Amino acid sequence: MLASMKIIVLSASPNTDGLTAACARAAVQSANGAGAEAHEVRINDAGIGMCKACGNGWGTCQEEHRCKEEDGFQAVHRSIAEADAVVLVTPVYWGEMSESAKACTDRLRRCEATAGEKSRLKDKPFIAVAAAGGSGNGLVSCLASMERLIQHVGGRRFDMIAVNRWNREFKMRAIEQSTGAMARELSLG
Ligand SMILES: Cc1cc2nc3c(=O)[nH]c(=O)nc-3n(C[C@H](O)[C@H](O)[C@H](O)COP(=O)(O)O)c2cc1C
């Protein structure tokens, strides 16, 4: 039997019962339903500190493609590298990714963007989900920042999904359909 494809769903809200959590749950359920092996990693619970910009701006990330700051980042980095695809769900804070999403992805970007063609995320599909539960402002700038991240690490933008209070119901279905389609595509090779 073929090994199932691994999909990591990174969620980046302190709220365990909000919009971000609902989006992450929809992604996990749909990916698992399509035969993948999906699990959620709550970045806020992972003990990931911010990048220290070692030295004059670059540390081991530049040459060794690893972060020397030992904390929760290493385990999450390993899981992301081992995954076949990534779903990143963040609440929109001030038109940007949440602080925890930024802390994790800043360090991930440094380690993988510097590896170029050898990035462990090279050509891996990503689904980016920005969840703006307030005014709905800042979705575009948040997704733009997620798009840059995916480009920098060499990933493939499978989908970019903007969720707000008014479109929540049908965007939840979009997340399910998109994640299911990505899982099926992976399983077909
Ligand atoms: C510090 C902060 C900044 C926020 N900035 C925005 C914003 O720019 N645009 C928006 O639509 N909602 C904004 N919100 C609302 C969140 O996007 C909304 O509460 C979202 O649903 C949070 O995700 P959660 O349900 O997982 O907590 C902000 C919330 C916080 C706490």
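This section reports on the structure supplied with the text.

1. Focus on the overall build of the chain
And step 1. Each helix and strand counted, the chain has six helices and five strands in total.
And step 2. Seen in sequence order, the chain has helices and strands lined up from the N terminus as β-α-β-α-α-β-α-β-α-β-α.
And step 3. The C-alpha radius of gyration computed for the chain amounts to 16 Å, which stays within 12% of the reference 16 Å derived for 189 residues, consistent with globular compactness.
And step 4. The principal-axis extent of the C-alpha atoms belonging to the chain is close to 45 × 45 × 25 Å.
And step 5. Out of the 189 residues in the chain, the part that is buried amounts to 50%.
And step 6. Pairs at least 24 apart in sequence give 78% of the contacts found in the chain among residues at least 6 apart.
And step 7. Working note: accessible area of the chain is about 9300 Å², and carbon and sulfur atoms make up 50% of it.

2. A few points about the site of the ligand
And step 1. With respect to spatial proximity, 17 residues lie near the ligand, and among them Leu19, Thr20, Val92, Gly136 and Asn137 are the closest.
And step 2. Tryptophan 94 has a polar backbone atom sitting 2.8 Å from a nitrogen atom of the ligand.
And step 3. Glycine 136 is positioned such that a nitrogen or oxygen atom in its backbone is 2.6 Å from an oxygen atom of the ligand.
And step 4. In isolation the ligand has 620 Å² of accessible area, and contact with the protein removes 71% of it.
And step 5. Listing elements by their share of the shell around the ligand, those giving two or more residues are helix H1 (19-33) and strand E4 (125-132).
And step 6. Broken down by class, the residue content of the shell around the ligand amounts to seven nonpolar, ten polar and no charged.

3. Here's the deal with the packing of H1 against helix H6 (residues 168-188)
And step 1. One way to put it is that H1 packs onto H6 with a least axis distance of 8 Å and a crossing angle of 35 degrees. Relative to H6, the crossing made by H1 is right-handed. Here Leu19, Ala22, Cys23, Ala26, Ala27, Ser30 and Ala31 of H1 lie close against H6, whose contacting residues are Arg168, Met172, Ile175, Glu176, Thr179, Gly180 and Ala183.
And step 2. A breakdown of the residues in the contact of H1 with H6 according to their chemical character gives nine nonpolar, three polar and two charged.

4. Thoughts on the environment of isoleucine 150
And step 1. Note that isoleucine 150 resides in helix H5 (residues 139-152).
And step 2. Classification of isoleucine 150 by relative accessible area gives buried; the value is 2%.
And step 3. A sequence separation of 106 residues divides isoleucine 150 from asparagine 44, and the C-alpha atoms of the two residues are 20 Å apart.

5. Examining the nonpolar core
And step 1. Of all hydrophobic cores here, the largest spans 33 residues; its most connected members are Leu10, Ile80 and Met146.
And step 2. Of all the secondary structure elements, the ones that give two or more residues to this core are strand E1 (6-11), helix H3 (73-82), strand E3 (85-91), helix H4 (99-113), E4 and H5.
And step 3. Ranked by the residues each element gives to this core, the list is headed by H5, at six residues.
And step 4. With residues near it in sequence (within four places) discarded, leucine 10 still touches Val41, Ile43, Val76, Ile80, Val86, Val87, Leu88 and Val89.
And step 5. Membership of the second largest hydrophobic core comes to 25 residues, among which are Ala22, Ala24, Ile161 and Met172.

6. Thoughts on the side chain of serine 11
And step 1. Mapped onto the elements of the fold, serine 11 is located in strand E1.
And step 2. Discounting residues that sit within four places of it in the chain, serine 11 has contacts with Thr20, Ala24, Glu40, Val41, Arg42, Ile43, Asn44 and Val89.

7. Some details on the pairing of E4
And step 1. Within E4, eight of the eight residues are buried, which leaves it mostly tucked inside the rest of the structure.
And step 2. In this fold, E3 hands off to H4, which returns the chain to E4; that crossover is right-handed.
And step 3. Here eight bridges tie E4 to strand E5 (residues 156-164), and the two strands are oriented parallel to one another. Across the sheet, residue valine 129 finds its bridge partner in E5, namely isoleucine 161.
And step 4. Following the backbone out of E4, through H5 and into the adjacent parallel E5, one traces a crossover that is right-handed.

The rules behind each value
- Residues numbered from 1 in each chain as written.
- Predicted model: local features only at pLDDT ≥ 70, side-chain atom pairs only at ≥ 80, totals over all residues.
- Heavy atoms only, no water.
- Helix = DSSP H or I, 4+ residues; strand = E, 2+ residues; numbered from the N terminus.
- Rg over C-alpha atoms; globule rule 2.2 N^0.38 Å.
- Buried < 20%, exposed > 50% of the residue type's maximum accessible area, 1.4 Å probe, protein only.
- Contact = heavy atoms within 4.5 Å.
- Areas by Shrake-Rupley, 256 points an atom, 1.4 Å probe, with all protein chains shown as cover.
- Near = heavy atom within 4 Å.
- Polar contact = N/O pair within 3.5 Å; in protein donor to acceptor, adjacent residues only side chain to side chain.
- Nonpolar A, V, L, I, M, F, W, Y, C, P; charged D, E, K, R; others polar.
- Axes fitted to C-alpha atoms, helices over the stretch in contact; angles between N-to-C directions.
- Left-handed = near helix turned anticlockwise from the far one by under 90°.
- Core = buried A, V, L, I, M, F, W, Y, C linked by side-chain atoms within 4.5 Å.
- Right-handed = clockwise from strand over helix to strand, strands pointing away.
- Pairing = 2+ DSSP bridges.

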